[in-house]
Protein chains: 2
Amino acid sequence: MSRETASFSPGIPDGDDRERRMCTRCDFVDYVNPKIVLGAVATWEDKILICKRAIEPRLGYWTLTAGFMETGESVEEGAMREAREEACADLEIERTLAIYSIPRIAQVQIMFKAKLRSPDIAPGPESQEVKLVTWDEIPWKEMAFPSAVWALKQWHGLKGETVHLPFGNPDGTDHMTGG
Amino acid sequence: MSRETASFSPGIPDGDDRERRMCTRCDFVDYVNPKIVLGAVATWEDKILICKRAIEPRLGYWTLTAGFMETGESVEEGAMREAREEACADLEIERTLAIYSIPRIAQVQIMFKAKLRSPDIAPGPESQEVKLVTWDEIPWKEMAFPSAVWALKQWHGLKGETVHLPFGNPDGTDHMTGG
């Protein structure tokens, strides 16, 4: 079946107070809400799980396991699913590490502190390579996204603390483009 | 301009791995992602701000200030905007109180602990009435949504603690319908 190309124009729906993308052919309103990204700083003993991306954006760069939340799952389940999909890794979620707002790309990222249930990891279809690295082995210059760097540094700053407030955006990054 | 009624059918887009709603007329795919609700337990001295809803769902019932996150704002800004819109209230966000996952309605709710900068409040267009109540005055039987009750009880349990992990769903509510 051949389909026409989607066509939208801006307009204010009845009863609303701001402009939305409205279909030019039918009554569909494309409400754009911020999307939730769920990720984890996941460790096995003193090593951290990182993945080399096999997809754009930032193909070939390293990151933490993270991705868009799907419907039908909790935030913890989503972070576990992403680790399974990207690194065949089985996570135990320990707690919320950070909540980042990245308005420029309309994302809220919730990052968890997690433990690997086993050191068995392997690249999923979205990863070229996955590995467990010590703090000193993190390839800082080849990291894909600022938010993974924020999470790693905030995680490292905990130094064994088990009760803490979730971190937010580091100073000066409130409206920057992150990942 | 008269528009046709939107028409979607399920299908799996190229490169995806699950069923999405696809327009039957054009190539638009309506990716449905969980939505973020931002709310606050906001206080003035020993009193808590509550609002009586002037809109469905749960018209006439009481709740905390809360609503859908918009694009272009941080999670804290969204919680402040909702308090302004629903109760003409000016909030200072103190910290993250709780993160609830409500998969049945595809929502993640982030609730903050907040202080009112002044006791001046008034109903916005979505509220019939707003007021500041002590803990003993909370109209528990007339509360609109379970999640507002969870947040109030978790807030009350803090008893002055200032450093704590964000609360999650109370036991047994992981997949219940909340608000």
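Everything that follows concerns the structure shown earlier in this document.
The model shown is predicted, which means the values in this text are computed figures rather than measured ones. (Residues numbered from 1 in each chain as written. Chains lettered and ligands numbered in written order. Predicted model: local features only at pLDDT ≥ 70, side-chain atom pairs only at ≥ 80, totals over all residues. Heavy atoms only, no water.)

K.L.:
It is not clear to me how the overall build of chain A should be interpreted in this structure. Could you clarify?
P.N.:
Across its full length, chain A holds two helices and ten strands. Its helices and strands taken in sequence order, chain A reads β-β-β-β-β-β-β-α-β-β-β-α from the N to the C terminus. A principal-axis box enclosing the C-alpha atoms of chain A has dimensions of 55 × 40 × 30 Å. Put simply, of all contacts in chain A between residues at least 6 apart along the chain, 61% involve residues at least 24 apart. Carbon and sulfur atoms form 49% of the exposed surface of chain A, whose accessible area is close to 8,600 Å². For chain A, the centre of its 21 positive side-chain charges and the centre of its 29 negative side-chain charges are spaced 4 Å apart. (Helix = DSSP H or I, 4+ residues; strand = E, 2+ residues; numbered from the N terminus. Contact = heavy atoms within 4.5 Å. Areas by Shrake-Rupley, 256 points an atom, 1.4 Å probe, with all protein chains shown as cover. Lys, Arg positive; Asp, Glu negative; His and termini not counted. Charge placed at Lys NZ, Arg CZ, Asp CG, Glu CD.)

K.L.:
Help me out: how do you make sense of a negative patch on the surface in this one?
P.N.:
Residues and elements named next belong to chain A. Taken together, the side chains of Glu 45, Asp 46, Asp 136 and Glu 137 define an acidic patch exposed on the protein surface. Looking at where Glu 45 falls in the secondary structure, it is placed in the loop between β4 (35–44) and β5 (47–53). Taking the relative accessible area as the measure of exposure, Glu 45 reaches 70% and is therefore exposed. (Patch = residues over 30% accessible without salt bridge, like charges linked within 9 Å, V, L, I, M, F, W, Y side chains within 5 Å. Salt bridge = Lys/Arg side-chain N within 4 Å of Asp/Glu carboxyl O. Buried < 20%, exposed > 50% of the residue type's maximum accessible area, 1.4 Å probe, protein only.)

K.L.:
Mind showing me how you'd approach the interface of chain B and chain A here?
P.N.:
Reports of interface size often rely on the accessible area that becomes lost once the parts have come together. At the junction of the two partners, chain B supplies 49 residues and chain A supplies 49 residues. For the pairing of chain B and chain A, the buried interface totals around 4,000 Å² over both sides, and the portion due to carbon and sulfur atoms is 62%. Summed over the shared surface of chain B and chain A, the number is four salt bridges. Across the pair Arg18(B) and Glu70(A) runs a salt bridge whose closest N-O atoms are separated by 3.6 Å. The interface formed by chain B and chain A contains ten residue pairs in polar contact (both at pLDDT 80 or more). If you list the elements that add at least two residues to the side of chain B that touches chain A, you get β1 (8–11), β2 (20–23), β4 (35–44), α1 (75–87), β8 (91–102) and β9 (107–116) of chain B. The element that contributes the greatest number of residues to the side of chain B that touches chain A is α1(B), accounting for five residues. Of the residues contributing to the side of chain B that touches chain A, the split by class is 21 nonpolar, twelve polar and 16 charged. (Buried area = accessible area lost by both parts, 1.4 Å probe. Polar contact = N/O pair within 3.5 Å; in protein donor to acceptor, adjacent residues only side chain to side chain. Nonpolar A, V, L, I, M, F, W, Y, C, P; charged D, E, K, R; others polar.)

K.L.:
Just to check I follow, could you spell out the pairing of strand β2 (residues 20–23) of chain A for this structure?
P.N.:
Along any regular strand, the residues point their side chains to alternate faces of the sheet. Residue and element names in this part refer to chain A. Where strand β1 (residues 8–11) and β2 come together, four bridges link them in antiparallel fashion. Directly across from Phe 8, in β2, lies its bridge partner Cys 23. Where β2 and strand β3 (residues 29–30) come together, two bridges link them in antiparallel fashion. Across the sheet, Met 22 pairs through a bridge with Val 29, a residue of β3. Counting the residues between successive antiparallel strands, the hairpin from β2 to β3 contains five residues. (Pairing = 2+ DSSP bridges.)

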